[in-house]
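Read off the chains here:
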Amino acid sequence: MSDVQQRIDGLVKGNRVVLFMKGTAQFPMCGFSGRAVQILKACGVSDLKTVNVLEDPEVRQGIKDYANWPTIPQLYVDGEFVGGSDIMMEMYEAGELQQVLGTKTA
């Protein structure tokens, strides 16, 4: 495992809810990242860790390889890859995301 993969793995496994995104929760730098943050806020997530992939090109590419998922944002809950903003929206509308976020405790 490369250094960047180890860093990503540590973030994913060391935080209950992690969102790899463009920008920050306060200042998203793309619409998909902004939507992902809004969805998580609507779910009442208070322990969100965000990682701005624009600050580190290695992480920006590395996270795509880590989950074998080509787009950003990417959501992880309890060390498991959940999906990007489209999947988050579908899960939220179906009530599934709230279950993933609410039934698993740290």
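Residues numbered from 1 in each chain as written. Predicted model: local features only at pLDDT ≥ 70, side-chain atom pairs only at ≥ 80, totals over all residues. Heavy atoms only, no water.

Per an unreviewed UniProt entry, the recorded name for the protein chain is Glutaredoxin, and the organism is Piscinibacter gummiphilus. Word for word, the UniProt comment on the protein chain under Sequence similarities (unreviewed entry) is "Belongs to the glutaredoxin family. Monothiol subfamily." (UniProt positions renumbered as here; feature names shortened; annotations may be inferred.)

**Re the packing of aromatic side chains**
The tally for this structure, following the rule as stated, stands at four aromatic pairs. Taking the centre distance of 5.3 Å and the plane angle of 50° together, the rings of Y76 and F81 count as tilted. We classify Y76 as buried; its relative accessible area is 1%. F81 gets classed as partly exposed once you look at its relative accessible area, which sits at 29%. Taken together, the ring pairs connect F20, Y66, W69, Y76 and F81 into an aromatic cluster. (Phe/Tyr/Trp six-rings, centres within 6.5 Å; stacked < 30°, edge-to-face > 60°. Buried < 20%, exposed > 50% of the residue type's maximum accessible area, 1.4 Å probe, protein only.)

**Regarding the nonpolar core**
By size, the foremost hydrophobic cluster in this structure holds 16 residues, and its most contacted members are L19, L40, L75, V82, M88, L97 and L101. Taken together, the elements giving at least two residues each to this core come down to β1 (17-21), α2 (31-42), β3 (74-77), α4 (85-94) and α5 (96-103). Broken down by element, the residue count for this core peaks at four residues, all from α2. Beyond its immediate chain neighbours, meaning those up to four positions away, L40 contacts L19, V45, L48, L75, M88 and L101. Residues I8, V18, F20 and I72 belong to the second largest nonpolar core, which totals eleven residues. (Core = buried A, V, L, I, M, F, W, Y, C linked by side-chain atoms within 4.5 Å. Helix = DSSP H or I, 4+ residues; strand = E, 2+ residues; numbered from the N terminus. Contact = heavy atoms within 4.5 Å.)

**Some thoughts on α2**
Residues spaced three or four apart along an α-helix face the same direction, because each turn holds 3.6 residues. The terminal C-alpha atoms of α2 lie 16 Å apart, and with twelve residues this matches the ideal 16 Å at 1.5 Å per residue to within 8%. At the C-terminal side of α2, G44 shows a positive phi close to 80°. (Expected span 1.5 Å × (residues − 1).)

**Things to note about the pattern of salt bridges**
Counting across every chain of the model gives five salt bridges. With its nearest N and O atoms 3.2 Å apart, the salt bridge here joins K13 to D9. Of the two residues, K13 and D9 both sit in helix α1 (residues 3-14), four residues apart, roughly one turn of that helix. A salt bridge links R16 to D47, with the shortest nitrogen-to-oxygen separation between them at 2.7 Å. Here R16 is found in the loop between α1 and β1, whereas its partner D47 is found in the loop between α2 and β2 (48-52), with 31 residues between them in sequence. You can call R16 buried: its relative accessible area is 16%. In the salt-bridge network here, residues are joined through shared partners; they are R7, D56 and E58. (Salt bridge = Lys/Arg side-chain N within 4 Å of Asp/Glu carboxyl O.)

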